[in-house]
Amino acid sequence: MQLKEYDVVIVGAGPAGSMTAKYAAEGGARVLMIEKRQEIGSPVRCGEGISRASLEEVGIRPDKRWIAAEVEGAKIVSPGGYIFRINERMAGNEVGMVLERVLFDKALAAEAARAGAEIMVKTSATGLIREDGKITGIRAVHHGESIRIKAKCVVGADGFESQVGRWGGLDTTLKPNDITSCFQYRLTNIDHDYRYCEFIVGSLAPGGYIWIFPKGEDTANVGIGVLLSKIKYPGQVKDLLDQFISRDDRLKDGQPLDCVSGAVSVSPPPDKLVADSLLLVGDAARIIDPITGGGIAHACISGMMAGKVLAEACQEQDFSENRLMAYEESLRDRLENKLWRNWMAKEKLITLSDEIFDKIVKTLAEVGVEKMSVGNILKVIKARHPELIKEFEELI
Ligand SMILES: Cc1cc2nc3c(=O)[nH]c(=O)nc-3n(C[C@H](O)[C@H](O)[C@H](O)COP(=O)(O)OP(=O)(O)OC[C@H]3O[C@@H](n4cnc5c(N)ncnc54)[C@H](O)[C@@H]3O)c2cc1C
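Read on for an overview of the structure. (Residues numbered from 1 in each chain as written. Predicted model: local features only at pLDDT ≥ 70, side-chain atom pairs only at ≥ 80, totals over all residues. Heavy atoms only, no water.)

Moving on: the environment of G293. Here G293 shows up in the loop between β18 (278-280) and α6 (296-316). Residues G293 and K215, 78 residues apart in the sequence, show an inter-C-alpha distance of 19 Å. (Helix = DSSP H or I, 4+ residues; strand = E, 2+ residues; numbered from the N terminus.)

What follows is the structure, given as structure tokens:
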């Protein structure tokens, strides 16, 4: 079956896809967004933490319907039990609200529809259509039927497992040291401090951390991320989380309401995000924060930037790589330094012993830090323990 022609077809209806769809459609482009799952936002594969500031930046007004919990701040807990608390305004992109992504993702898709975008669910992209070497749309399977969707530009918003970039010749392959494997339960009947998002660092989660993100007074997303290169056997990530839960008095009587596994990239950004008639947004573009593994905020930012550029490209009827480069440039201006710096910091952090984590968290707890950033944290540690940060000096 051949559908009508669009200016832009977006593969994936996560936050990155919906934000792209909204801004491109608002600017006058004929937009179709397809989603392989039958329900947008479900199943959730996310800890669901995001800051208020991140939503403000992309013009999303908080709505009680998709906010599960609002927190006062973050607690960072070291292996030896030192705790550093920081308020939500200073704590970074993942702290402030814990979402109901199943509703949040739908709300963003509904905004895109209101702006004029069309949506198809249970529609999985299977390849690109090329004519005379040029990308002119996608092949897809819609409710079991093969279809062809013609479009002047294809957007890969297809998340961590993205294929669109690869189909279009954009290299988004990741090294095992740049992938974090995650496992999470939504645990209920627990006795956690629901005013804080908690991050537990050290060898309990090799190369990553354990998180407790409140979803209510006795319920939380309790998850773990472990660097792929540090995993010794299949199933180890779940085992590590189960061990942690069974030893934690607040959590050990908890019962799961669901569990999810997934992966996030913790890499520097790839060399190229656009080609003729093709661009990548969100996790597909490998723009997750390499330290926190958080990607909702960056997905929304990249979607907004891409949508605006696509609307202009549509006015000019120019979807060449040169024209789409305006998107890549604005995204790099906004995120590239941070992604590189945090990736370099991650490379060092994964080498630290529990003893050093204890010293760092203890120092932060005693001295405090104005705003969570790699640079600020290092400055505080340098003043007390210059010997600890010799190797990090270049990041200050
Ligand atoms: C366990 C876990 C916990 C996390 N916790 C947090 C957190 O607390 N805070 C945070 O900020 N980030 C977190 N993240 C990361 C966050 O979930 C992602 O960064 C975010 O969802 C990226 O949005 P996206 O739109 O780029 O991709 P996604 O949300 O992954 O959306 C991609 C969409 O594309 C669809 N799709 C894929 N292939 C096709 C295809 N061929 N055809 C059609 N549709 C397709 C998928 O079904 C999906 O709906 C976590 C990730 C994991 C795995």
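Still more ground to cover, so stick around.
Neighbouring the ligand are 37 residues, the closest being A16, E35, G47, G49 and D283. The contact in question runs from an oxygen atom of the ligand to an N or O atom on the side chain of E35, over 2.6 Å. Between the ligand and the protein, one listed contact pairs an oxygen atom with a side-chain N or O atom of D283 at 2.7 Å. Against a free-state accessible area of 1,000 Å², the protein chains account for coverage of 91% of the ligand. Mapped onto the shell around the ligand, the elements with two or more residues apiece are α1 (15-26), β9 (123-131), β14 (209-216), β16 (255-265) and α6. Residues that form the shell around the ligand fall into these classes: 16 nonpolar, 12 polar and 9 charged. (Near = heavy atom within 4 Å. Polar contact = N/O pair within 3.5 Å; in protein donor to acceptor, adjacent residues only side chain to side chain. Areas by Shrake-Rupley, 256 points an atom, 1.4 Å probe, with all protein chains shown as cover. Nonpolar A, V, L, I, M, F, W, Y, C, P; charged D, E, K, R; others polar.)

For the rest of this paragraph, the subject is the pattern of salt bridges. A complete count under the given rule lists 32 salt bridges for this structure. Across the salt bridge formed by R52 and E88, the nearest N and O atoms sit 2.7 Å from each other. Of the two residues, R52 is situated in helix α2 (residues 52-57) and E88 in the loop between β6 (83-87) and β7 (97-99); the sequence distance between them amounts to 36 residues. Take E88: its relative accessible area is 15%, and that puts it in the buried class. Notably, a salt bridge pairs E328 with R332, separated by 2.8 Å at the nearest N-O pair. Here E328 and its partner R332 are both found in helix α7 (residues 321-349), 4 residues apart, which amounts to about one turn of the helix. By relative accessible area, which is 18% here, R332 ends up buried. Linked by salt bridges that have partners in common, E48, E100, R186 and K215 make up one network. (Salt bridge = Lys/Arg side-chain N within 4 Å of Asp/Glu carboxyl O. Buried < 20%, exposed > 50% of the residue type's maximum accessible area, 1.4 Å probe, protein only.)

Okay, the environment of S18 next. Along the polypeptide, S18 turns up in helix α1. Placed 276 residues apart in sequence, S18 and G294 show a C-alpha to C-alpha distance of 18 Å. Sequence-distant contacts of S18, defined by excluding residues within four places in its chain, comprise A13, M33, D105, L108, A109 and A112. (Contact = heavy atoms within 4.5 Å.)

Taken in spatial order, the 7 strands of this open sheet run β6-β5-β13-β14-β15-β12-β16, and their pairing is mixed. What marks the edges here is a single partner per strand, and that holds for β6 and β16. Geometrically, the sheet is characterised by an average inter-axis angle of 20° between neighbouring strands, direction not taken into account. The pairing of strand β5 (residues 73-77) with strand β13 (residues 196-201) spans 5 bridges and is parallel. Within the sheet, the bridge partner assigned to V77 lies in β13 and is I200. Contacts from helix α5 (residues 236-247) reach β12 (179-188), β13, β14 and β15 (219-227), with the element oriented near 40° to β12. (Pairing = 2+ DSSP bridges. Axes fitted to C-alpha atoms, helices over the stretch in contact; angles between N-to-C directions.)

Shape is all these values report; function is a separate question.
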